[in-house]
Amino acid sequence: MASALRVSRTLPRLPTRTLVRLYASQPPEAPTKDKGPKTLVHPPSPPVEYNRQRSQISSLSKNPWVVRAVKAIAPFMGYYSKTTTAIRETRPMYAKCGERLERETDFLYKECALPPTYQTWFQFTLLHVLILTARLRALPPDASRTYQAELINHFFLDIEHRMRTVLGPKAPERIVKGYLNEMRDQWRGGGVAFDLGIIDTDATLAGMIWRNLFASRGAPPPQQDGKEKKVLANAQDIELPSTLYKFVVYVRRELKRLEGISDEDIKLGQIGEWGTVSSIPAPEGAADYEAWQTTGQTIRSGGKQAAASG
């Protein structure tokens with residue numbers, strides 16, 4: 001008996017386990033709340049292939065034997081085919097379009113009072129893509145279609161990349177697909193309105209920019225019961241015609257600049273550097289908000305400025 005007790009004392013003791021009883025009345029764990037889309041202060045960074053920052057050059061590219069071998073093999077791999085050339089050369093073309101908002105952040109967010117959203121980036125980038133598409137349409141027929149198609153492909157690849165960045169990695173595919181379809185419809189509608197604007201009057205072109213980029217800001221509210229509703233005009237509404245003037249001048253100036261570049265340079269991706277909308281001076285005779293306010297015209301009725309009574 002004593003020997004048995006000695007053996008039991010030498011055996012290691014197992015740790016006691018605590019049993020937790022779960023009752024049916026115990027509340028389930030609270031599901032994690034979906035935070036939804038992120039607040040977009042600055043546009044998401046573009047994909048690596050559209051980043052114009054110079055990357056580190058590989059040591060192999062400095063080897064003359066490697067360079068000779070690549071140049072000898074490239075023609076057999078289709079590197080210089082029309083489609084491959086269009087894909088390669090439209091990539092830097094689009095990269096310059098995609099970075100335009102970053103170059104004019106202060107002008108768009110402060111002076112134009114546009115919200116720092118994904119939609120603002122999309123519409124401002126779309127405007128530059130449409131300007132460049134108009135120039136690519138003037139290329140010879142054998143290259144025009146290919147270059148236009150590849151430019152739009154780069155555009156929508158960037159659209160999807162930035163959209164997934166904003167929505168988050170757990171966004172359902174149906175939501176992403178729905179937004180992409182909406183962007184496609186806006187691209188088609190904006191393209192038709194833009195083409196009409198560049199061949200028609202400045203007012204038509206300004207209307208396209210006003211509806212798309214500015215979301216019809218300042219439009220009179222719909223009538224209720226046949227009565228007009230009078231609303232106060234703010235500073236942004238008053239300065240909007242002057243701002244639209246800058247955009248119209250900018251679009252026509254860039255179209256003229258691209259027209260002066262030869263087709264061969266365009267096909268090699270040498271489109272020069274874009275200007276800025278903020279560099280366009282305001283039209284002569286444009287009154288600022290303070291001067292306009294002294295006239296007493298602070299009420300807009302039916303889209304027209306009317307003097308305030310009383």
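Data block above holds the structure.
Quick summary incoming for the structure in this document. (Residues numbered from 1 in each chain as written. Predicted model: local features only at pLDDT ≥ 70, side-chain atom pairs only at ≥ 80, totals over all residues. Heavy atoms only, no water.)

Regarding the environment of Leu 196
Basically, it comes down to this: Helix numbers and strand numbers start at the N terminus; a helix is a DSSP run of H or I with at least 4 residues, a strand a run of E with at least 2.
Tracing the backbone shows Leu 196 in helix α8 (residues 173-199). In this structure the C-alpha to C-alpha distance between Leu 196 and Met 208, which are twelve residues apart in sequence, comes to 9.0 Å.

Some words on the nonpolar core
The following threshold applies: Here, the term nonpolar core denotes a set of buried Ala, Val, Leu, Ile, Met, Phe, Trp, Tyr and Cys residues that are joined through side-chain atoms within 4.5 Å. Note on exposure labels: buried denotes an accessible area under 20% of the residue type's maximum, exposed denotes more than 50%, and partly exposed covers the range between, all computed with a 1.4 Å probe on protein chains only. When checking whether two residues touch, look at their non-hydrogen atoms; a contact exists if any pair is within 4.5 Å.
Ranked by internal contacts, the top residues of the largest apolar core, which has 59 residues, are Ile 159, Ile 209 and Phe 247. Every element with two or more residues in this core is listed here: α3 (82-98), α5 (105-111), α6 (118-136), α7 (141-167), α8, α9 (202-212) and α10 (235-259). With twelve residues, the top contributor of residues to this core is α6. If sequence neighbours within four positions are ignored, Phe 247 has contacts with Phe 107, Leu 108, Cys 112, Phe 124, Leu 127, Ile 209, Leu 213, Phe 214 and Val 277.

Details of the packing of aromatic side chains
Aromatic ring pairs are reported here in terms of the distance separating the ring centres and the angle at which the planes meet. As a reminder of what qualifies: In summary, the pairing rule links any two rings of Phe, Tyr or Trp, Trp by its six-membered ring, whose centres are within 6.5 Å, and it sorts them by plane angle into stacked for under 30 degrees, edge-to-face for over 60 and tilted for everything else. Charge over a ring is defined by NZ of Lys or CZ of Arg lying within 6 Å of the ring centre and within 35 degrees of the ring normal.
Across all of its chains, the model carries eight aromatic pairs by this definition. Look at Phe 107 and Phe 247: their rings are 6.1 Å apart centre to centre, the planes differ by 40°, and that puts the pair in the tilted class. You can see Phe 107 sitting in helix α5 and its partner Phe 247 sitting in helix α10, a full 140 residues away along the chain. Ring-pair connections join several aromatic residues into one group, and the members of that group are Tyr 94, Phe 122, Phe 155, Phe 156 and Trp 187. Note that Arg 257 overlies the ring of Trp 274, its terminal NZ or CZ placed 5.6 Å from the centroid.

Thoughts on the packing of α3 against α7
Stated formally: Think of each axis as a best-fit line through the C-alpha atoms, taken over the contacting stretch in the case of a helix, with angles from 0 to 180 degrees between the N-to-C directions. Angles below 35 degrees are treated as roughly parallel, those above 145 as roughly antiparallel, those between 65 and 115 as roughly perpendicular, and all remaining angles as oblique. The crossing is said to be left-handed when, going from far helix to near helix, the turn is anticlockwise and less than a right angle, and right-handed when the turn is clockwise. For this classification, the nonpolar set comprises Ala, Val, Leu, Ile, Met, Phe, Trp, Tyr, Cys and Pro, the charged set comprises Asp, Glu, Lys and Arg, and every other residue, Gly included, is treated as polar.
Remark: α3 packs on α7, axes separated minimally by 8 Å, with the N-to-C direction vectors making an angle of 50°. Accordingly, the angle class assigned to the pair α3 and α7 is oblique. As α3 runs across α7, the sense of the crossing is right-handed. Note on element contacts: α7 touches α3 through Asp 142, Thr 146, Tyr 147, Glu 150, Leu 151, His 154, Phe 155, Asp 158 and Arg 162, opposite Lys 82, Thr 83, Thr 85, Ala 86, Ile 87, Glu 89, Thr 90, Arg 91, Met 93, Tyr 94 and Gly 98. When grouped by side-chain class, the residues that make up the contact of α3 with α7 number seven nonpolar, six polar and seven charged.

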